[in-house]
Amino acid sequence: IMAGNLPLQLLFQIATLLQNDGTSLVPCTSVCRSWQAAFEPLIYSSLPIYSDDEHKEEGQRGISLANFRKLTSSDRAIRQTWIRKLDYNILVPYEILDWTICREEDSPNAYSIENPIRKANNQAFRTAMVGLFEELQ
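Rules and cut-offs
- Residues numbered from 1 in each chain as written.
- Predicted model: local features only at pLDDT ≥ 70, side-chain atom pairs only at ≥ 80, totals over all residues.
- Heavy atoms only, no water.
- Axes fitted to C-alpha atoms, helices over the stretch in contact; angles between N-to-C directions.
- Helix = DSSP H or I, 4+ residues; strand = E, 2+ residues; numbered from the N terminus.
- Parallel < 35°, antiparallel > 145°, perpendicular 65-115°, else oblique.
- Left-handed = near helix turned anticlockwise from the far one by under 90°.
- Contact = heavy atoms within 4.5 Å.
- Buried < 20%, exposed > 50% of the residue type's maximum accessible area, 1.4 Å probe, protein only.

1. Focus on the packing of helix 1 (residues 8-20) against helix 2 (residues 33-45)
Okay, step 1: At a minimum axis separation of 9 Å, helix 1 and helix 2 run at an interaxial angle of 45°. Viewed along their axes, helix 1 and helix 2 adopt a mutual orientation that is oblique. As helix 1 runs across helix 2, the sense of the crossing is right-handed. Contacts between helix 1 and helix 2 pair Leu8, Leu11, Phe12, Ile14, Ala15, Thr16, Leu18 and Gln19 from the former with Ser34, Trp35, Ala37, Ala38, Phe39 and Leu42 from the latter.

Given below as structure tokens:
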């Protein structure tokens, strides 16, 4: 039996086993159309998305919101129906490990409302949330 002639149920079982082993299913979608039909619902069922490419860390899993938009629009909108869980990671320009230290009054770089780091992170957060809600509407 050729790979493209396997029953959809069997392909779905193969996809489930591969996914449970931690194997990426994305390359399998390019084997043929029947493999794409079997593997894509699993790929899109639990989807990690991050807010932008600019602040993405090396090796971070998932796709950007812009890529999500491309992959689920127009003739690919069926993919939206497969989503059961969406993990949205908002990436901000500055990582603040211990904001309580930055908040102390004697600190020359006190983390106040007017602090440029806080403003940049707040702006990134707002932009990311608006982008997500625009996409989900």
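That covers the picture; the talk isn't over yet.
2. Quick look at the side chain of Thr72
Okay, step 1: The residue Thr72 is located in the loop between helix 3 (65-71) and strand 3 (85-89) in this model.
Okay, step 2: Looking at Thr72, the relative accessible area reads 0%, which means it is buried.
Okay, step 3: Residues within four places of Thr72 in sequence aside, it is in contact with Tyr44, Ala77, Arg79, Gln80 and Glu135.

3. Examining the environment of Asn89
Okay, step 1: Tracing the backbone shows Asn89 in strand 3.
Okay, step 2: For Asn89, a relative accessible area of 34% puts it in the partly exposed group.
Okay, step 3: Taking C-alpha positions, Asn89 is 9.8 Å from Lys56, a pair spaced 33 residues apart along the chain.

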